[in-house]
Amino acid sequence: MKIGILTSSRADYGIYLPLLNSLKDDPFFNLEIIAFGTHLSKSHGYTINDIEVDGYKIIHKISSLISNDDEQSISTTYALTCLKFCDFWNYNKYDIVLCLGDRFEMSAAVQAAIPYGVKFAHIHGGETTLGAIDNIYRHQISLASTIHFTATELFSSKVIELIGDNNNVYNVGALSLDGIKKFQPIDKTFFFNKYNIPQKNYALVTFHPETISGNLNESYANEMVLALGKLTKSLFLIITMPNADTMGSIFRNEIEKLKNNYPNAVLTIENFGKENYFTAMYYAKVLIGNTSSGILEAASFGKYVVNVGNRQKGRLQSKNVYNVTFQNESITDIVNHVLNLGEFKGENLYYQKDSALTIIEVLKKYYASI
């Protein structure tokens, strides 16, 4: 079975990994990686290098990302990605192509394939993020897909409602959590020395812009920096940098200023990679920001999350998540409250056993039917 994997960023590649490792080892599958988006951006860590190290036989590289992140540049990148993939789909055929999530680049690659009749299997459909235009892209991808792998039964129901059909919709849990109960973090001393992390409590921080509130992002970034500056008195901050989103540079610039103002209290990371990121989460005292990993993964590490703003609004949340607005005093108050709670011991609503194996079984069954 010839299968393509669309990956546009460090985030979706990390989620794919449990599945990719199984597909690579299974002789039933002829696997090809289709890398684009920020993977080929040097300002975002040039993460195509990480993919190449993992040893895939075929890696297609499609460059289409424009460096600016204003609305016109994002729209132009979307159009350029569509244009590049028009040629790609014309010359490359697959039995099924996997796509994941809700990025605008992913949507563009999928939309370009519709006239060619490409069959897609979409992972993480049916979710809601009211503070991001990704909500629209996610539904576009679902409508263009043949198979749907959702993270909860609720999301399966939403996909069924969206596409008007209950065939080929499978609740498999969050793929990134596959094997999470066997996860072994990198040795603490080695990890801390590798990144020059002091022996003190730290927060793992990730902030992205709210892409449906473009005119408010400057004030949001200011409130973020004020809160984080106050928190440096009690916590070291490990900050993973924003993705290539509309107005992402506003947050990126403020974080760089914060690093300059508190050089001994802030570590900025462009690309951790999955093992390092999960290790950072494992040893963290708290997660702060508005990233999906706080919603999907943190509960499995026993971590509380201070989720800021509306970017993740509408997403199903486990009981480890505390929501707060973009006001610096509110952020610091909730963080200080959460620091006294200890370890979260509740369930992760997104976890299911053997997600990757379930997906593989479905793909083989689908291939037998075509």
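Computed from a predicted structure; not experimentally measured.

Novice: Give me the lowdown on the overall build of the chain, citing residues and values where you can.
Specialist: Per the secondary structure count, the chain includes 13 helices and 13 strands. At 20 Å, the chain has a C-alpha radius of gyration in line with the 21 Å of a compact globule built from 370 residues. Referenced to the eigenvectors of the C-alpha coordinate spread, the extents of the chain come out at roughly 60 × 45 × 40 Å. Relative to its 370 residues, the chain shows a buried fraction of 57%. Long-range contacts, defined here as pairs at least 24 residues apart, represent 70% of the contacts in the chain between residues at least 6 apart.

Novice: Before we move on, can you summarise the packing of helix α3 (residues 71-91) against helix α4 (residues 104-113) with the specific residues and values?
Specialist: Between α3 and α4, whose axes approach to 8 Å, the crossing angle comes to 40°. Classified by the interaxial angle, the pair formed by α3 and α4 is oblique. The handedness of the crossing between α3 and α4 is right-handed. Contact residues: α3 offers Ile-74, Thr-77, Tyr-78, Thr-81, Cys-82, Phe-85, Cys-86 and Trp-89, while α4 offers Phe-104, Glu-105, Ser-107, Ala-108, Ala-109, Gln-111, Ala-112 and Ala-113.

Novice: Which residues make up the packing of aromatic side chains, and what are the values?
Specialist: Considering all chains together, one arrives at 28 aromatic pairs under this definition. Where Phe-28 meets Phe-29, the ring centres are 5.1 Å apart and the plane angle is 80°; that geometry is what we call edge-to-face. The partly exposed category is assigned to Phe-28, whose relative accessible area is 30%. On the basis of relative accessibility, which here comes to 8%, the residue Phe-29 falls in the buried class.

Novice: Can you tell me about helix α10 (residues 274-283), naming the residues and giving the values?
Specialist: Of all 10 residues in α10, eight are buried; the element is thus mostly enclosed. For α10, every residue scored as buried is listed here: Lys-274, Asn-276, Tyr-277, Phe-278, Thr-279, Ala-280, Met-281 and Tyr-283. Each element contacted by the buried residues of α10 is listed here: α1 (10-25), α7 (188-194), β8 (202-206), β9 (236-240), β11 (286-289) and α11 (292-296).

Novice: Lay out the nonpolar core with the relevant residues and their values.
Specialist: Counting 33 residues, the largest nonpolar core has Leu-98 and Leu-363 as the members making the most contacts within it. Secondary-structure elements contributing two or more residues to this core are β1 (2-7), α1, β2 (30-35), α2 (48-53), β4 (96-100), β5 (120-123), β6 (147-150) and α13 (355-369). With seven residues, α1 is the single largest residue contributor to this core. Those residues within four positions of Leu-98 in sequence are excluded, and the remaining contacts are Ile-3, Gly-4, Ile-5, Leu-6, Tyr-16, Leu-19, Ala-121, Ile-123 and Leu-363.

Novice: Describe the pattern of salt bridges, naming the residues involved and giving the relevant values.
Specialist: Using the criterion set out here, one finds nine salt bridges in the structure. Ionic pairing is found between Glu-52 and Lys-61, a salt bridge with its closest N-O pair at 2.4 Å. The partly exposed category is assigned to Glu-52, whose relative accessible area is 36%. Residue classification places Lys-61 among the partly exposed positions, given a relative accessible area of 46%. Lys-257 serves as the salt-bridge partner of Glu-254, at 3.3 Å between the closest nitrogen and oxygen. On the criterion of helical spacing, the pair formed by Glu-254 and Lys-257 is a turn pair, its members being three residues apart in helix α9 (residues 248-261). Residue Lys-257 is classed as partly exposed on the basis of its relative accessible area, which comes to 45%.

Criteria and thresholds
- Residues numbered from 1 in each chain as written.
- Predicted model: local features only at pLDDT ≥ 70, side-chain atom pairs only at ≥ 80, totals over all residues.
- Heavy atoms only, no water.
- Helix = DSSP H or I, 4+ residues; strand = E, 2+ residues; numbered from the N terminus.
- Rg over C-alpha atoms; globule rule 2.2 N^0.38 Å.
- Buried < 20%, exposed > 50% of the residue type's maximum accessible area, 1.4 Å probe, protein only.
- Contact = heavy atoms within 4.5 Å.
- Axes fitted to C-alpha atoms, helices over the stretch in contact; angles between N-to-C directions.
- Parallel < 35°, antiparallel > 145°, perpendicular 65-115°, else oblique.
- Left-handed = near helix turned anticlockwise from the far one by under 90°.
- Phe/Tyr/Trp six-rings, centres within 6.5 Å; stacked < 30°, edge-to-face > 60°.
- Core = buried A, V, L, I, M, F, W, Y, C linked by side-chain atoms within 4.5 Å.
- Salt bridge = Lys/Arg side-chain N within 4 Å of Asp/Glu carboxyl O.

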